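Residues per chain, in single letters:
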2 protein chains.
Amino acid sequence: MKQILMMSSSRKGNLGYLEHADDQLHALLKGRAKRVLFVPYAGGITFSYDEYESRVKPVFERLGYELESIHHHKDPRAAVEQAEAVAVGGGNTFALLDRMYNAGIVGLIRERVNAGMPYVGWSAGSNVVCPTIRTTNDMPIVEPPTLKALNLIPFQVNPHFISGKPAGHNGESREERLAEYLGINPDERVVGIPEGTALHVQGENATVLGEFDALYFKQGGAIDKIATGSTFSLASI
Amino acid sequence: MKQILMMSSSRKGNLGYLEHADDQLHALLKGRAKRVLFVPYAGGITFSYDEYESRVKPVFERLGYELESIHHHKDPRAAVEQAEAVAVGGGNTFALLDRMYNAGIVGLIRERVNAGMPYVGWSAGSNVVCPTIRTTNDMPIVEPPTLKALNLIPFQVNPHFISGKPAGHNGESREERLAEYLGINPDERVVGIPEGTALHVQGENATVLGEFDALYFKQGGAIDKIATGSTFSLASI
């Protein structure tokens, strides 16, 4: 059965790196994997892959899981083939997807997750779970071969969801951006997940984890809350 | 001589639509054009092209210029060929570029602007002046055939530049995004333009117009101010 944890962000409020996520990570991994393959491709731009790994590793070790980054493997495809679980960190979604295609692991991760390998992503790592990365908040700093992504769920997710916009600034609010998204893509669906919140996909259902509700953006501008703790069918979105 | 006005935004603070821009628009158009062809392709998603035109037209008419939107023309290429000047409005940069490619006007606008036809863009309309749209702030709501754009200047511009990030939110600040951009694209250059500010490109030089300075993001994280009122060589960036 498909097991995916899509976290909005690595941080919630003033908490430390993934500090809010102990229960969410256990919900995905406990009894299913001991060792986790880390994909740092969304980072490694203004800091190194080694640095990224050294930030993430202690979090997983504290919870009882080993973690090793894919950049230590000469053959990234073999690393994915042998992985017990995969963790895909945040950073820039365009860089992440571009490097996943370069490493030849997009189709392979899709196959293995569909066959039951647990997958956890946060921020950019959640964007790539969707059909495309077209609901990312990130700057397109590189141009991947395509914006099509893992397509492991049938709708789009917007991580780091935040309502409104900074005072005195005239860029679009997130609600306006997502209304434009649905305006130009009338057959698609979007779920916004606030920082600290996650979706735990199990098979054909997903459960909202964390303090805050998820938000279902509907055609025409209506926004439904999906209560934290509730479970919904992926097909219902 | 090339004549391009790249405005950061349609609004500055609490002023109305393009209300801050009278002097900037005259600097570009006065004595050079009477009629302006409007390209509304960045909008027309949550409101119609007609509505967009009706918002922009009175601004130009008040300043003594006629304005008509390209969507009234059956042949958009012929409209560009016959235009005295082009105005490209803000909205979503990915939608804008995608629709410009669909209309077959990207190469044509480039040729005509290089041959001296005045061009004014704001927000998304300024992004497409650059080599690519990879420094847009917008959500990639559609996937254009390529992110390559008009390439009328040799560096990237980031419109709606704003420093820092909203309190309590853990997404990246604009400075962090642009540092990542330069980290992964070490041979490129970026100029940030705050809302209300514009670059007026004349031939091989550009002048900063508006109340606030432009910002030159350099490799390694240094940020130089380019003082408003000053003129610099495009090649110096």
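As a reminder, the structure under discussion sits directly above these lines.
The following paragraphs examine the structure supplied in this document. Think of each chain on its own: its residues are numbered from 1, step by step along the sequence as written. Written order determines the labels here, with chains lettered from A and ligands numbered from 1. For this predicted model, a pLDDT threshold of at least 70 governs which residues receive local features, and a threshold of 80 or more governs which side-chain atom pairs are given and counted, while totals over whole chains, interfaces and linings are taken from all residues. To get the side-chain values, take all heavy atoms of the structure and skip hydrogens and water.

What follows deals with the overall build of chain A. For helices the rule is a DSSP run of H or I covering at least 4 residues; for strands it is a run of E covering at least 2, with both sets numbered from the N terminus onward. Each helix and strand in chain A was counted, giving seven helices and 12 strands. Atoms counted for the radius of gyration: C-alpha only. Globule rule: 2.2 Å times residue count to the power 0.38. Relative to its length of 237 residues, chain A is compact, with a C-alpha radius of gyration of 17 Å against a globular reference of 18 Å. Projecting the C-alpha coordinates of chain A onto the three principal axes gives extents of approximately 45 × 35 × 35 Å. In chain A, buried positions account for 59% of the 237 residues. What makes two residues a contact is simply this: any of their non-hydrogen atoms within 4.5 Å. Nonlocal contacts in chain A, meaning residues at least 24 apart in sequence, comprise 68% of its contacts between residues at least 6 apart. With a 1.4 Å probe rolled over the protein chains alone, any residue whose accessible area is under 20% of its type maximum counts as buried; one over 50% counts as exposed, and the rest are partly exposed.

Turning to the relation of the copies chain B and chain A, a few remarks are in order. Once chain B is rotated about the relating axis by 180° and shifted along it by 0.0 Å, it coincides with chain A to within an RMSD of 0.0 Å. Within this description, the copies of the chain are treated as partners about a two-fold rotation axis. Distance from the rotation axis, computed per C-alpha, reaches its smallest value in chain B at P166 of chain B: 3.1 Å. What sets the superposition is a least-squares fit of C-alpha atoms, and only residues with pLDDT of at least 70 in both copies go into it.

Attention shifts here to the sheet that holds strand 6 (residues 156–161) of chain B. All names here are of chain B. Only strands joined by at least two bridges in the DSSP assignment are considered to pair. The strand order across the open sheet formed by four strands is 6-7-10-11, and the pairing between neighbours is mixed. Of all strands in the sheet, those bounded by a partner on one side alone are strand 6 and strand 11 (223–226). Averaged over all neighbouring strand pairs, the angle between strand axes comes to 25°, with direction disregarded. Pairing of strand 10 (residues 214–217) with strand 11 involves four bridges; the strand directions are antiparallel. Note on strand 11: the bridge partner recorded for Y216 is D224. Running over the sheet, helix 7 (residues 174–184) touches strand 6, strand 7 (190–194), strand 10 and strand 11 and is turned about 170° from strand 6. Throughout, an axis means a line fitted to C-alpha atoms (over the contacting stretch in the case of helices), and angles, computed between N-to-C directions, take values from 0 to 180 degrees.

A few words now on the pairing of strand 1 (residues 3–7) of chain A. All names here are of chain A. Burial of strand 1 is extensive: five of the five residues sit out of reach of the surface. Burial along strand 1 is two-sided: the residues Q3, L5 and M7 and I4 and M6 are all buried. Sheet topology places strand 1 next to strand 8 (residues 198–202); five bridges connect them, and they run antiparallel. Within strand 8, the residue paired with L5 across the bridge is H200.

Glancing now at the environment of Y101 of chain B. Residue and element names in this part refer to chain B. The topology assignment puts Y101 in helix 4 (residues 93–103). With 40 residues separating them in the primary sequence, Y101 and I141 have C-alpha atoms 16 Å apart. Y101 has contacts with V106, P145, T146, K148 and A149, leaving out every residue within four places of it along the chain.

Here the focus is helix 1 (residues 22–29) of chain B. All names here are of chain B. Taken as a whole, helix 1 has its buried residues at Q24, L25, L28 and L29. Within helix 1, the buried residues cover an arc of 115° as seen down the axis, which keeps them to one side. Residues of helix 1 that are buried sit in contact with strand 1 (3–7), strand 2 (35–39), helix 2 (49–62), strand 5 (119–122), strand 8 (198–202) and strand 9 (205–209). Positive backbone phi, at 80°, marks G31, one or two positions downstream of helix 1. Arc definition: it is the arc formed by the directions from the helix axis to the C-beta atoms.

This brings us to the interface of chain B and chain A. Between chain B and chain A, the residue contacts involve 44 residues of the former and 44 residues of the latter. Carbon and sulfur atoms supply 59% of the area buried between chain B and chain A, which totals about 3,400 Å² over both sides. On the chain B side of the interface with chain A, the three residues burying the most area are M139, N170 and E180 of chain B, jointly 19% of the side's total. Whenever a carboxyl oxygen of Asp or Glu lies within 4 Å of a side-chain nitrogen of Lys or Arg, that contact is scored as a salt bridge. Across the contact surface, chain B and chain A share zero salt bridges. Any pair of N or O atoms that falls within 3.5 Å is considered a polar contact. Within protein, one atom must be able to donate a hydrogen and the other to accept it, and sequence-neighbouring residues count only if both atoms are side-chain atoms. The tally of links between chain B and chain A comes to eight residue pairs in polar contact (both at pLDDT 80 or more). Put simply, the parts of the chain that give the side of chain B that touches chain A at least two residues each are helix 4, strand 6 and helix 7 of chain B. Think of it as three bins: nonpolar holds Ala, Val, Leu, Ile, Met, Phe, Trp, Tyr, Cys and Pro, charged holds Asp, Glu, Lys and Arg, and polar takes everything else, Gly as well. For the side of chain B that touches chain A, the per-class residue count stands at 16 nonpolar, 16 polar and 12 charged. Summed over both partners, the accessible area lost on bringing two parts together, with a 1.4 Å probe, is the buried area.

Below, the discussion takes up the sheet that holds strand 5 (residues 119–122) of chain A. All names here are of chain A. One open sheet holds the eight strands; their spatial order is 3-2-4-5-1-8-9-12, and the pairing between them is mixed. At either margin of the open sheet sits one strand with a lone partner, and together these are strand 3 (66–69) and strand 12 (231–233). Averaged over all neighbouring strand pairs, the angle between strand axes comes to 20°, with direction disregarded. As defined by bridge partners, strand 2 (residues 35–39) adjoins strand 4 (residues 86–88) across three bridges and the pair is classed as parallel. Bridge pairing in strand 4 places L37 opposite V86. Helix-sheet contacts for helix 1 (residues 22–29) involve strand 1, strand 2, strand 5, strand 8 and strand 9 (205–209), and the interaxial angle to strand 1 is about 160°. Sheet strands touched by helix 2 (residues 49–62): strand 2, strand 3, strand 4 and strand 5. Its angle to strand 3, the strand with the most contacts, is close to 165°.

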